[in-house]
Amino acid sequence: MKIASNSLYTSYNIQKESAKVQIFEKNQKKTNRSNFDKILISPSTDSNDKFVNDITSKLSAEVRKPASSEQLNELQQKVAEGTYQIDLDAIVKKILF
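Quick caveat: nothing in here was measured; it's all calculated off a predicted structure. (Residues numbered from 1 in each chain as written. Predicted model: local features only at pLDDT ≥ 70, side-chain atom pairs only at ≥ 80, totals over all residues. Heavy atoms only, no water.)

1. Observations regarding the overall build of the protein chain
Scanning the protein chain from terminus to terminus reveals four helices and zero strands. Sequence-ordered secondary structure for the protein chain, helices as α and strands as β, is α-α-α-α. Expressed as a percentage of the 97 residues in the protein chain, the buried residues total 0%. A total of about 9,800 Å² of accessible surface is found on the protein chain, and carbon and sulfur atoms cover 57% of it. (Helix = DSSP H or I, 4+ residues; strand = E, 2+ residues; numbered from the N terminus. Buried < 20%, exposed > 50% of the residue type's maximum accessible area, 1.4 Å probe, protein only. Areas by Shrake-Rupley, 256 points an atom, 1.4 Å probe, with all protein chains shown as cover.)

As structure tokens, this is what we get:
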């Protein structure tokens, strides 16, 4: 039986690379466990519930506040004349509080 040295070399390299990959994967598993932070997401707490309730009540009160007839007439007039300008700063302030 004739064994070519080239096939032995190739077989050796494949085994060597396979061993390197296994060692690398083993090291990755070890480092993944110890080097990274964990994030725990839990149900809302009382302080979060209070915050949500406060924001909800503020938004509800603002939505329910009626506009005066003066404001509506002024707005209708501006829209009809084409002079109504959208105040982006006011919108952003309302969104962000």
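2. What about the pattern of salt bridges?
Tallying each qualifying case throughout the model produces two salt bridges. Of the charged contacts in the structure, one is a salt bridge between K50 and D54, with a shortest N-O distance of 3.4 Å. Residue K50 and its partner D54 are both found in helix α2 (residues 46–64); the two are separated by four residues, about one turn of the helix. Looking at D54, the relative accessible area reads 36%, which means it is partly exposed. (Salt bridge = Lys/Arg side-chain N within 4 Å of Asp/Glu carboxyl O.)

3. Here's the deal with helix α3 (residues 69–81)
Under the 1.5 Å per step criterion, the end-to-end length of α3 is 18 Å for 13 residues, consistent within 8% with the ideal 18 Å. Note on α3: the residue one or two positions beyond its end, G82, has a positive phi of about 80 degrees. (Expected span 1.5 Å × (residues − 1).)

4. Brief notes about the environment of E74
When you line up the elements, E74 lands in helix α3. Overall, E74 belongs to the partly exposed group, its relative accessible area being 45%. Sequence separation of E74 and Y84 is ten residues, and the distance between their C-alpha atoms is 9.6 Å.

5. Digging into the confidence of the model for the protein chain
Looking at the protein chain, pLDDT values average 75 and 64% of them are 70 or higher. Per-element confidence in the protein chain ranges from a low mean pLDDT of 65 for helix α1 (residues 5–34) to a high of 92 for α3. (pLDDT = per-residue confidence, 0-100.)

6. Regarding a nonpolar patch on the surface
A cluster of nonpolar side chains, L75, V79, Y84, I86, L88, I91, V92, I95 and L96, forms an exposed patch at the surface whose accessible area comes to about 900 Å². Of all the secondary-structure elements, those providing two or more residues to the nonpolar patch are α3 and α4 (88–96). Element by element, the count of residues in the nonpolar patch is highest for α4, at five residues. In this fold, Y84 is placed in the loop between α3 and α4. A relative accessible area of 42% places Y84 in the partly exposed class. (Patch = residues over 30% accessible without salt bridge, like charges linked within 9 Å, V, L, I, M, F, W, Y side chains within 5 Å.)

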